[in-house]
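Coordinates in review
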Amino acid sequence: MDFKFTPEQEAFRKEVRAFLKSEVTDELVEEVNSGLGLGPAGWEYVRKLGKRGWLVPMIPKEYGGLGASFWERFILNEEIYYCFPEFIQYFGANIVAPIVMEIGTEEQKKEYIPRIARGEIEFALGYTEPQAGSDLASIDIRAVEQDDCYIVNGQKTYNTACHYAQYHWLNARTSTEGKKYKGLSFFIVPLDSPGITINPMWTMGGERTNEVFYDNVKVPKKNLVGQKNRGFYHMMDALDHERMFPITHIQRGLDDLIKYVKGTERNGKLLIEDPLIRQKLAQFAIDIEVGRGMGYRIVWLQDHSKPGGHETSILKVFVTELERRLTYTAVHIMGQQGALRYQSYCSSPIAGWLEHWFLADTRRTISAGSSEIQRNIIAQRGLGLPRS
Amino acid sequence: MDFKFTPEQEAFRKEVRAFLKSEVTDELVEEVNSGLGLGPAGWEYVRKLGKRGWLVPMIPKEYGGLGASFWERFILNEEIYYCFPEFIQYFGANIVAPIVMEIGTEEQKKEYIPRIARGEIEFALGYTEPQAGSDLASIDIRAVEQDDCYIVNGQKTYNTACHYAQYHWLNARTSTEGKKYKGLSFFIVPLDSPGITINPMWTMGGERTNEVFYDNVKVPKKNLVGQKNRGFYHMMDALDHERMFPITHIQRGLDDLIKYVKGTERNGKLLIEDPLIRQKLAQFAIDIEVGRGMGYRIVWLQDHSKPGGHETSILKVFVTELERRLTYTAVHIMGQQGALRYQSYCSSPIAGWLEHWFLADTRRTISAGSSEIQRNIIAQRGLGLPRS
Amino acid sequence: MEFNLSEEQEMLKKMARDFLTENCPKSLVREMEEDEKGHSVELWRKMAELGWMGLIIPEEYGGIEGSFLDLAVLLEEMGRAPLPGPFFSTVVLGELLLLEVGNKEQKQEYLTKAAQGQVILTLALNEAESDLDPDSMTTTAVAKGDEYIISGTKMFVPDAHVSDYIICAARTSEGVTLFLVDTKSSGIQCNLLQTTGGDKQCEVVFNEVKVPTKNILGEVNKGWSYIERWLPKAMVAKSVEILGGIQETLEMTADYAKDRMQFDQLIGSFQAIQHHCSNMMIDVNGSRFLAYRVAWMISEGIPCTKECYITKAWVSDASQRVVVLGTQVQGGTGIMKEGNMQFYFRRQRVAEVMLGSSDFCREKVAQEMHL
Amino acid sequence: MEFNLSEEQEMLKKMARDFLTENCPKSLVREMEEDEKGHSVELWRKMAELGWMGLIIPEEYGGIEGSFLDLAVLLEEMGRAPLPGPFFSTVVLGELLLLEVGNKEQKQEYLTKAAQGQVILTLALNEAESDLDPDSMTTTAVAKGDEYIISGTKMFVPDAHVSDYIICAARTSEGVTLFLVDTKSSGIQCNLLQTTGGDKQCEVVFNEVKVPTKNILGEVNKGWSYIERWLPKAMVAKSVEILGGIQETLEMTADYAKDRMQFDQLIGSFQAIQHHCSNMMIDVNGSRFLAYRVAWMISEGIPCTKECYITKAWVSDASQRVVVLGTQVQGGTGIMKEGNMQFYFRRQRVAEVMLGSSDFCREKVAQEMHL
């Protein structure tokens, strides 16, 4: 056993940290916190990351990456999550590039990956539909072959990033025969294609997501990624392979909360002197250590081979439920101060951001496989319990 | 709304309390705590209860009861549970007498109920079998008609009280046609019938329960209770109708725990001064109020009509899980002292009895319908969610 | 014992449900969250016509002289709606405290108006670093002739920005004193806070605000003892309001589970969903019993300080569990702004820490238990 | 990073598993619980032959000089067995503390014997009203010529009744001092306590027991500082032992769920059972990472006091959740004496409060975080 990073990894971490310290400006934070995704500051920041190859560190150098390991990617994200807890996901860099690298044609790799790597383009995930939430095999948007194109018709929902991304990473039905999950395929669709309508949907946290309607949208056949009708497998493989869950954003939440309790008096006493609060904060530090370990274990597994799906499920359940506990612990410690949103007056900036996070991240135990689905997976794949 | 007892009910409570104060001797407590059920002291105590009609308060006077309401029965049990938390169940009085009263023949009523009422006889429940735990419809012990008898063959398990009861309240299969739950019937079987073998089984708490084997046991037809092949319905009706869950034993646990923390110093401070311990005890007082209210509500519903099954399920889940929390809270408060069994040295008698309880009552979230089964019932009957 | 409401209370409940369904649709709730005032004058007027603001006010002051239990029935429905605006502030923070402590003249003047919905009341109790604690209060009131001069900053004052009078707790020579302050007095500044719940709370700055001596409520320096008598009841009122919200959450969640298909099944047939819903129901039922039993005790004049704290502690915690499970079962639908679940999810968070968190209440319960 | 054990450690693990499966069947565990001594001399001898009692002892004292991580591997298997007898007392309470604080002569004399399994050691630390707190300790040691006279009553001393030497913490002039006491000394009385776990703990009464000065461990009055250095490691050792028990619990529970039919289905196909098992697995995996990471840190000499407390806090709580779910899934089978689940259920309870409960550990974590 060995639980330390190599000196090279530590040096890389320092480099990332220094970069973030200078590049994460108040303007950028404010823009991201608006809930609207990438704006001018965001795109600029992304291009700076791209310049260093940090958007897609694991992609080979010839396509714009660093050819680095899972560890470097994880370290990079640990640092980003810590300094910038509400950070936007890069779907293009984190999800699309690795899949295209694995299953795409050479032409597709050359066309998309370098631009993703440079931070020029972003993708929006096109998975969820009104009737296909946890049950992704029920995707119903239809792609029908016609000449050199697929004609796509149907609807997606909760498709975050569609309003600022250039491309849709679309999972659509190409066959209605046999089992439902055997008829799906992946397409890259320019979001400015004629026939696409994007309507905003708003979460209670003020984040924008979207409904997307396809009305006879023509998608060239060369935009099919991977094998036709294997889209469900590609989707599942990608989930297993690419998932990572740094918990440094939770560490950041705890650190900020500690600053708050050290600096705040209530009823004539510093909050930090309250034994109940001390217990709550200590429990958080404990839980974070567990989450950190589970996260490192996944990276180690990824670095060696493919991790079993149940291991990422364990991590996903633990981390997302821990996030929720953090925001509840925070409000219990902070009292009414804790239920203020961060545009408003409050004696410490932490009040607002934890609250912002509370509203924005409630979805985390639901999306990308709900906690219930994850627990099914843990039982069935991790412990071999029979399917019901 | 009105949440107080009538003056008559309060007076009855006082009478019961006074009785218990004089009759619950150390000898009796010790005997019961042995885990062996009714012994000499137990039988004597039971007969004294019987003399007052308190074993079966709701049974009409002509059969030996008081013709009292659900409230009197509940008050009686509240007091018994408080002063004697490890008390034995009277299956005859609490389960069998009310069912026989409802579905038995006049002959059966006259034969069994007055003797139950006087505390002369006890019944053991004969429900569970190796393959029929939560799934009681799978009862497999066979009762086959032959002349004026049923011939019974098969096996029961976890049948508490068989070693000191005179009768078995046997649920057996009388038909193998159609749905499984449509072929069960109830019988009263003398436990000294030829062909019955009773083997002890021991719980980790040292309580005795039994395996019972039937080998061509002859049961007279007149011992069939209720309708043939309606035994499953009778069993379910009885459960709904008769269930009660006083929480005064938990109140007693809390009261004793409070005495302990008020009288015990650890590391130079009285335990009661510890803010964490204060929170834990207060939470207990809070939970007990909830359980008390749920319990009263069931009695009120029973007193008015039949309560919906989901209401007793809510109560059963809450109370049995609260019992478990109490024993864990106790050990967390008491530390190593809390993990001592009560035959042994300890600075306070409470240590032992909570620990005894801990081991003995672990089964409470499992038996008589596990928490999982109860939650299914709450969802399906209480909220109308569809069966899976 | 009797667990049912009286026939009159059932009628009140039905009337409230019907009225709020018609006059307080979710569109209005949504609008009022965005609205700076957060208060519909139209709706307020209609509620006044029904006599709701006079529900707990004695007949001699023009009220209906209903019981605390009647108020509970109404508040549950308001929590269910969920009703925006200053009803809770006016009736629970204002009237209930005035009933406790006001003298005959004060009652005559203010309760009569409040009963008719002519004035909006609220209470300025807490400060940034003082939470239900008299000793750490820094706002002061200094006697000067026939007046007191109040200076200091109060926090988390609900609806102060639309109130006509604020009951302000301020430090005087030897304790805390309650003052009834006209919000038109010079020196008062209200800053609206943005809460997670979308309700309206304010920071209220008192900059040498003059208050006539006759506006002192009760005796000088004894203000905190009044607060201590009033607070447990206010907690119960808040608990009942929360109860309405979680009852609605339970029902909408069960409905969703009976309607939503995934994996070719109604999701309500999945055992995990069933158990989530069961756990919600256990918590809602527990909350209901506690809240109504103690509301009944208050109505009957039975001492119940401990039971009040017990209720707020349990309801605060239980409601959190309920709304978390509600969003979990409702999935994406539950967290979108256009849905209704989110109202209850956000409001629960504000309500659970208002008027005493569960930690605070547990310590109070411990004290009441003589621990 | 490397999450796997080394090849040697895997071999040790396998050897331990095989040895204990053969030599420590459940029948022996059962027998040892009923047995007054709770210690199989036969088994002890075989373990000595394998060198286990010398695992962490330097070669110069006849040990194998393995690492703390090696010990962790062994302890996990012992927790899984679960092994009865004084291994933990001798090695963790005795040897590990002696390694920390003994002088060369003491090590030579006692560790050499301990390594061969020739002596059984234990530690008398707590008292009825003193739990890991030097200030409330009442047992005293008074200097008298070349000796100290120890008087007082120690509680919860594991395996004292079969020990050859007890390390006794006693109050001296200006602090706490550790003494190595020969149990054959006159004035020592051991009373066996009956614990829920069926392990053997004693009340040990010291009635003017004479101990020669050369049996002082470390410096006079500095005993507590040694305990503070040793305690976190001992907590980790206990945590690893618990881990073995909950790993076994998880596996036997999953096996049961894959075998037991109810309602014409394997119960493992019910979502409620699946989620119980998943929750158990999450807790076991979390415990595993914490315990092994910190065991590795101890082995590497990396400062890790905070991590030690973190580990015991988490493992104490997690293990409780695991055994409760284990019994719940296994139903009646899980609580019967003839089954195996009950061993882990009962032992967890003793282990979680031994060497520091989670509340205690959390406060220590808070201190280590400079809160």
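It should be noted that the structure appears before, not after, this text.
The numbering scheme is per chain: residues are counted from 1 as the chain's sequence reads. Chains and ligands are labelled by the order in which they are written, letters from A for the one and numbers from 1 for the other. Totals for whole chains, interfaces and linings use every residue, but because this is a predicted model, local features are given only for residues with pLDDT of at least 70 and side-chain atom pairs only at 80 or more, for both listing and counting. The side-chain figures draw on all heavy atoms in the structure; neither hydrogens nor water molecules are used.

1. Let's talk about the packing of aromatic side chains
For any pair of aromatic rings, the description consists of the separation of the ring centres together with the inter-plane angle of the planes. Which entries qualify depends on this criterion: Two rings from Phe, Tyr or Trp (for Trp, the six-membered ring) form a pair when their centres sit within 6.5 Å of each other. Planes less than 30 degrees apart are called stacked, planes more than 60 degrees apart edge-to-face, and all others tilted. Helix numbering and strand numbering both begin at the N terminus, where a helix is a DSSP run of H or I of at least 4 residues and a strand a DSSP run of E of at least 2. The classification of residues rests on relative accessible area computed with a 1.4 Å probe and restricted to protein chains. Under 20% of the type maximum is buried, over 50% is exposed, and intermediate values are partly exposed.
Here the structure, examined in full by the defined rule, presents 54 aromatic pairs over all chains. Their ring planes at 5 degrees and their centres at 5.1 Å tell us that phenylalanine 358 of chain A and phenylalanine 345 of chain C sit as a pair that is stacked. Within this pair, whereas phenylalanine 358 of chain A is found in helix α11 (residues 349–361), its partner phenylalanine 345 of chain C is found in helix α10 (residues 341–353), the two belonging to separate chains. The buried category is assigned to phenylalanine 358 of chain A, whose relative accessible area is 3%. Through a chain of ring-to-ring contacts, three or more aromatic side chains come together here, namely Phe3 and Trp300 of chain A together with Phe3, Phe289 and Trp296 of chain D.

2. Regarding the interface of chain C and chain B
Here is the rule: The contact criterion used is simple: two residues touch if any of their non-hydrogen atoms lie within 4.5 Å. Put simply, buried area is how much 1.4 Å-probe accessible surface two parts lose in total, over both of them, once they are put together. Any carboxyl oxygen of Asp or Glu within 4 Å of a side-chain nitrogen of Lys or Arg constitutes a salt bridge here. Think of a polar contact as two N or O atoms within 3.5 Å of one another; within protein, one of them needs to be a possible hydrogen donor and the other a possible acceptor, and neighboring residues in sequence only count if both atoms come from side chains. Each residue is assigned to one class: nonpolar for Ala, Val, Leu, Ile, Met, Phe, Trp, Tyr, Cys and Pro, charged for Asp, Glu, Lys and Arg, and polar for all the others, Gly among them.
If you look at the interface, chain C gives 43 residues, while chain B gives 44 residues. Of the roughly 4200 Å² buried between chain C and chain B, counting both surfaces, carbon and sulfur atoms make up 69%. When the buried surface of chain C facing chain B is broken down by residue, Met1, Phe3 and Leu371 of chain C rank first, second and third, together holding 21% of it. For the pair chain C and chain B, the number of links is 2 salt bridges. Taking the shortest distance from any N to any O, the salt bridge between arginine 293 of chain C and glutamate 289 of chain B comes out at 2.3 Å. Our count for the contact surface shared by chain C and chain B stands at 19 residue pairs in polar contact (both at pLDDT 80 or more). Contributions of two or more residues to the side of chain C that touches chain B are made by α7 (223–259), α8 (271–300), α9 (305–335) and α11 (358–368) of chain C. The element that contributes the greatest number of residues to the side of chain C that touches chain B is α8 of chain C, accounting for 15 residues. Grouping the constituent residues of the side of chain C that touches chain B by class yields 22 nonpolar, 14 polar and 7 charged.

3. So, the pairing of strand β1 (residues 121–124) of chain D
Residues and elements named next belong to chain D. Note the threshold: For two strands to count as paired, DSSP must find a minimum of two bridges between them.
The two faces of β1 match: Leu121 and Leu123 on one face and Thr122 and Ala124 on the other face are all buried. The sheet contact formed by β1 and strand β4 (residues 165–172) spans 4 bridges and is parallel. Bridge pairing in β4 places threonine 122 opposite isoleucine 166.

Nothing here speaks to function; it is all geometry.
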